[in-house]
Every structure is written in structure tokens, then in C-alpha cells.
Amino acid sequence: MGYKETYESWLSDPYFDDETKAELRGIAGNEKEIEDRFYKDLEFGTAGLRGVIGAGTNRMNVYTVRRATQGLADYINKVGGAERGVAISYDCRHMSPEFADEAAECLAANGIKAYVFESLRPTPVLSYAVRYLHCIAGINITASHNPAEYNGYKVYWEDGAQITPPHDTGIMDCVKAVDIDTAKTMTRQAAIEKGLYQVIGKDIDDPYIAELKKLVIHQDAINQVGRDITIVYTPLHGTGNIPVRRVLKELGFTNVYVVPQQEKPDGDFPTVAYPNPEAKEAFALALALGKEKNADLILATDPDADRLGVYVKDKQGEYHCLTGNMSGCLIGNYVISQRKERDGGLPADGAFIKSIVTTNLADAIARDYGIELIEVLTGFKYIGGKILEFEKTGHGTYLFGMEESYGCLTGTYARDKDAVDASMTLCEACAYYKTKGMTLWDAMLDLYQRLGYYQDAVSSITLAGKEGIEKISSIMTYLRANPLTEIGGHKVTAVRDYDKDTITDIASGTVRPTGLPKSNVLYYELTDDAWICVRPSGTEPKIKFYYGIKGSDFDDADKKSQKMKKALDDLAEKLTK
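Owing to the predicted nature of the structure, the values given are computational and were not obtained by experimental measurement. (Residues numbered from 1 in each chain as written. Predicted model: local features only at pLDDT ≥ 70, side-chain atom pairs only at ≥ 80, totals over all residues. Heavy atoms only, no water.)

Details of the sheet that holds strand 11 (residues 319–322)
The condition that has to hold: Whether two strands pair comes down to DSSP finding at least two bridges between them. Comment: elements are numbered from the N terminus, with helices defined as DSSP H or I runs of at least four residues and strands as E runs of at least two. Axis lines are fitted to C-alpha atoms, over the contacting stretch for helices. Their N-to-C directions set the angle, which ranges from 0 to 180 degrees. Two residues qualify as a contact provided that any one of their heavy atoms is within 4.5 Å of a heavy atom in the partner residue.
Read from one edge of the open sheet, five strands run 8-7-9-10-11, paired in mixed fashion. What marks the edges here is a single partner per strand, and that holds for strand 8 (255–258) and strand 11. Averaged over all neighbouring strand pairs, the angle between strand axes comes to 20 degrees, with direction disregarded. Note: strand 7 (residues 230–234) against strand 8, four bridges, orientation parallel. Along strand 8, the bridge assignment pairs Ile231 with Val256. Sitting on the sheet, helix 16 (residues 419–435) is in contact with strand 7, strand 9 (297–301) and strand 10 (308–313), with an inclination near 175 degrees to strand 9.

Okay, here's the thing in C-alpha cells:
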């Protein structure tokens, strides 16, 4: 059936409600819009669903959510574990509560109990809840930091991490097998009466916060100087407000100021163009309040509170923006160094885990402490997978894990990145360094002076719609057919093609496997500890160009980074013509 026929069937099929049909009648005659909404099913990929809210097979709506949940229910019933139930959380976005209920009602219609949060919660709390309740799976209704018109649907497995092989492909196959108008449902009231719908909240929140507080290494430092540290925080209209403020207050940080215009949940994100702590514009209000309050650090969590953006103040009163690579390494170095000091050493099998597009400063930190550096594909689920592997084999002790995209995790209570944890740990580090006469910026400078001035960045090109998907595919095909040999003044020393599972050494021509799952990613190792990586985004219609260099000082690093950025911009322009 073509897209036009599918559009017509949605208008005529009694399965679809009148509101949906009215929306679709409103685009009658707009051929491009009809095609975009119906030329394909919204893909249930390894990250679940993510798309623009609206009617159509290629949109986020109650029907695509119901279909995805039917596929998940079929898979759970196939592999066993239905009696353990599924935890469901949601964020501040439009339709998030409705999609959460839709998922719960579909599960109930398939005989699977749903544990549904009473109100919005951060992503890491869902990860924790799956583990705490011993659920077989979890569903998180969120589109993270995407623009306001988006929503999404992420699936977690019993270990609390997002789905990985073989469960991801197994669930995807089950979802594909579901015709959208055959997915089961029942009313919420009927589900409650059958004991298949349970509301959760404080019974998860309290033990979650308790787990975070167990990770504190220097409560002594907080007791000593916590009241002297001023913190400005913004949840960017999202889920972080209550848990971040709660844990900081309970630890003894009393001077915490929340940006009032961004405190309340709001799916329109009215004060920001893009609710992403990676974007400097998102910090405008927080920086203004920070300067007014003379804050020591300024924190921003994204709408589902799994990513943390940071500004720190130096001794001269200037604020410095920390990238995700910088804040992650600052937190990781603090946690690892202080565990070593407290315990008199580190586990012989201790590991620092990072994604392949994360800074090489992480590698330098691992070398400095004599611990293993483990690389995984992009997606925190792979870091969670490593933790599970450590637990199953008895080999490997998780010390820290991070991604360049502003996400990290200091413990194993959850299996997804946690900005509540990161906020807490960074504030603790601020207190610790303050007792040593240092600021967080001093600690960052110390890292650079000891290990090298690493500078990393990412640029991306948005290529939306059907044509965009085709263009992204053609770019990756071109780069494989025309290998780079030099870029930004650096020679290519090795090429990793994660789609072909090969690492090719340029000098010798030898080829060895990557050892990681298949993924459409090209990574170029360059001279002087530089690198670039090209990959399509898994959640947005973008192709991303990551890069990193190492300088002898800030000025040298800036020059090398600018040269690399220009080279990649030129390459991107050539590839998108």
C-alpha cells in the first residue's frame, strides 16, 4: 500500500478516532505533508521510537505507541517474564502522560502489569525503578533534548539499561509484525481492577536518593564548606527540579537558587529555542542569575535529566563553560582519585568506560591511574552492558563511565546516565576542592597541565525528511569508497569501520576486528593523538562529525582545533553538495 492509500485508510478505518481524522483532513491536498507522514512507519530502532507528534504512521501518536507496546508485549510473552511487569515513566513533553497510559493499557490488555509513575520523572529514575522492582522491562516516554514538537519511546531491559542485542532486534521484529490497527488495549480503570496497573512514586524516589547519597566520598568537605558554596540550577522546564534540589539539600548545600522562569515543567520550553544543556543559549537565564548571586557553579539538566551542562567560576570571578568531555573527565578524575585515596588503592580490574566519540583525555586519565580504558559504541546502553558483563563474569570493576554528550554515571545503582548523580558529585567535588583552596576550574587546569590540553568538539548537519535520510546514506557510502588520508594537518594512521568490523592500519595494511557490534560509523585515528569520527545520529535527522586534538597549551589546542573544524566544515560542504 502506498502512502496515499495509507492516508485514505486512516480516514476511513473506524479504529482511528475522530480527532485523528480531523487532523488528517486538515492536510488534504498537501501532498508533501501527506507523504512525509505516511511514506513509512515510524521506525522502532535500537533506541525505540522518536519523532514529531502528530497523526500518521511516521509520527508519534497513541497508535504508533500502542503498536510499539504490542510488539514489546509479544516479545515479553515470547521470552517469559510477563509476571514481573514493566515500569513506565515519562517527562514534561506534550502527550507524555497520555503515551505512558497508552503503553500501560496495552500491556494490561496483554496480561502484563504496568508500574506507572504518578508524575514526570528523570530517565535515570526509570532505570533504577526497573532494577528495584525486578521488572522484565521499562518504558520511558521522552525525547530527551529534542525540540518541543518531538516525543519518544525508549525501552529498557531487566538490568536497567536500554535494550541491546539480542533483545533489541527481537523486539524490533515483534513490532514490525504488528499491524497498527490490531494492537490490543483496555481502559485504565479495567486494568486497575485486574491488578495490572499500579501507580508508583515515593516508594521509588526515596531509595533512589538513598543510593545516590551512598556514593558521596567527602561528606566531611560538604559539612565543612557546603554552606559557603553558591549554586545556580535550572531544570530547563524538565524533570530534574525536585530530585536535584532534594539531594543537594539533604547533603547540606543550602545556597541553591533555581532559575524561576525555567523551574516549572513545560513541554513548550518557552524560554529556550532548544532545551539542550549543550547549547550555550540555554544558559542565558542561569548565567544572569549566577552572576547576580555570585555562584560558584551553574548547573543545567536537560528535560529528562540524564545530561548535565556546567559553568564554573575561576578565582578571578570569570565563568567557564565545560563541555561534556570536560565535565565528565572532571567528575571521573575526582571520583577515581578520591576512591584511590580513601581505599588506599584501586581495584586491579578497575575500569573507566567511554564511548568511541568521547575525548582521549579519558584515556589519559585511565593511564594515569593504571586502570583499564574500555571503549564502547555511542549510546549509554553499551556502558550499562559492560557493567552487566562485569557482574556476570566476576571480572571488571566499574569505576566510572561517560559519553561526550554530557552524560555520565558514577555508580551501578542505575544503568543509564544520570544528571542528578552528576550534579550531586560535581557539587561534592566543588566542596572538596574548596577545602584545598581550589576552584573546579583550578581542578580542570590541573588535569590539562598533568595530562595534556585535549580539546574536542562535534559539528552536525541536519538533513530532514526522506531526502535527508538518503543523503546521509550516500555520504557514508562516499567516505567508504574514498578513504581520507589526511585532514586538518594530521595524517590518518588507522581507519575503524564499525559497519565492517575492521580496523585498518595505514602503514602496514594489517586489518583486525573492532570487537564491537556492527554500527554505521567511521573513525579515523590521526597523528599526534588527534581523531575524527563520522556517524549518522540515532535519534535525529543529522550526520555528525566528531573530532579531538591534543595541544601543548590552550593556545596550541585552540589553533589545532580551529584548523580541524575548518577542514571538517570544508569536507561537510563538499559531501552535501
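A short note on unusual backbone geometry
Here is the rule: Only protein chains enter the calculation, and the probe is 1.4 Å; a residue is then buried if its accessible area is under 20% of its type maximum, exposed if over 50%, and partly exposed in between.
Looking along the chain, the bond that leaves Pro165 and enters Pro166 is cis, with omega of 0 degrees. Along the chain, Pro166 turns up in the loop between strand 5 (150–157) and helix 7 (167–176). Although it is not a glycine, Asn294 sits at a positive phi angle of roughly 55 degrees. Mapped onto the fold, Asn294 is located in the loop between helix 12 (284–293) and strand 9. Within the chain, Tyr406 stands out as a residue other than glycine whose phi angle is a positive 70 degrees. Locating Tyr406 in the fold gives a position in the loop between strand 14 (397–403) and strand 15 (407–409). You can call Tyr406 buried: its relative accessible area is 11%.

Structural notes on the side chain of Thr123
Applicable threshold: Residues adjacent in sequence count toward polar contacts only when both atoms are side-chain atoms; beyond that, a polar contact is any pair of N or O atoms within 3.5 Å, and within protein one must be able to donate a hydrogen and the other to accept it.
Within the element layout of this structure, Thr123 appears in helix 6 (residues 123–132). Looking at Thr123, its side chain comes within polar contact range of the side chain of Asn140, at 2.6 Å. In this structure the side chain of Thr123 is engaged in a polar contact, spanning 2.6 Å, whose partner is the side chain of Asp304. Sequence-distant contacts of Thr123, defined by excluding residues within four places in its chain, comprise Asn140, Thr142, Tyr156, Asp304, Asp306 and Asp416.

Brief notes about the sheet that holds strand 12 (residues 350–355)
With respect to topology, four strands assemble into an open sheet ordered 13-12-14-15, the strand pairing being mixed. One side of each edge strand has no neighbouring strand; the edge strands of this open sheet are strand 13 (372–376) and strand 15. The sheet shows a mean angle of 20 degrees between the axes of neighbouring strands, taken without regard to direction. Relative to strand 15, strand 14 runs antiparallel, the two being bridged by three bridges.

Considering the packing of aromatic side chains
Counted only if it meets this: Any pair of Phe, Tyr and Trp rings, taking the six-membered ring for Trp, is counted once the centres come within 6.5 Å. Such a pair is stacked with planes under 30 degrees apart, edge-to-face with planes over 60 apart, and tilted for the rest.
One pass over the structure, following the stated rule, counts 22 aromatic pairs. Seen from their ring centres, Tyr15 and Tyr63 are 5.7 Å apart, and the 50 degrees between their planes marks the pair as tilted. Here Tyr63 lies in helix 4 (residues 62–79) and Tyr15 lies in the loop between helix 1 (3–12) and helix 2 (18–25), a separation of 48 residues in the sequence. A relative accessible area of 4% means that Tyr63 is categorised as buried.

Regarding the environment of Val312
On the secondary structure map, Val312 appears in strand 10. Judged by relative accessible area, which is 1%, Val312 ranks as buried. Sequence separation of Val312 and Asp296 is 16 residues, and the distance between their C-alpha atoms is 6.2 Å. The residues contacting Val312, other than those within four sequence positions of it, are Asp296, Leu297, Glu318, Tyr319, His320, Leu322, Leu440 and Trp441.

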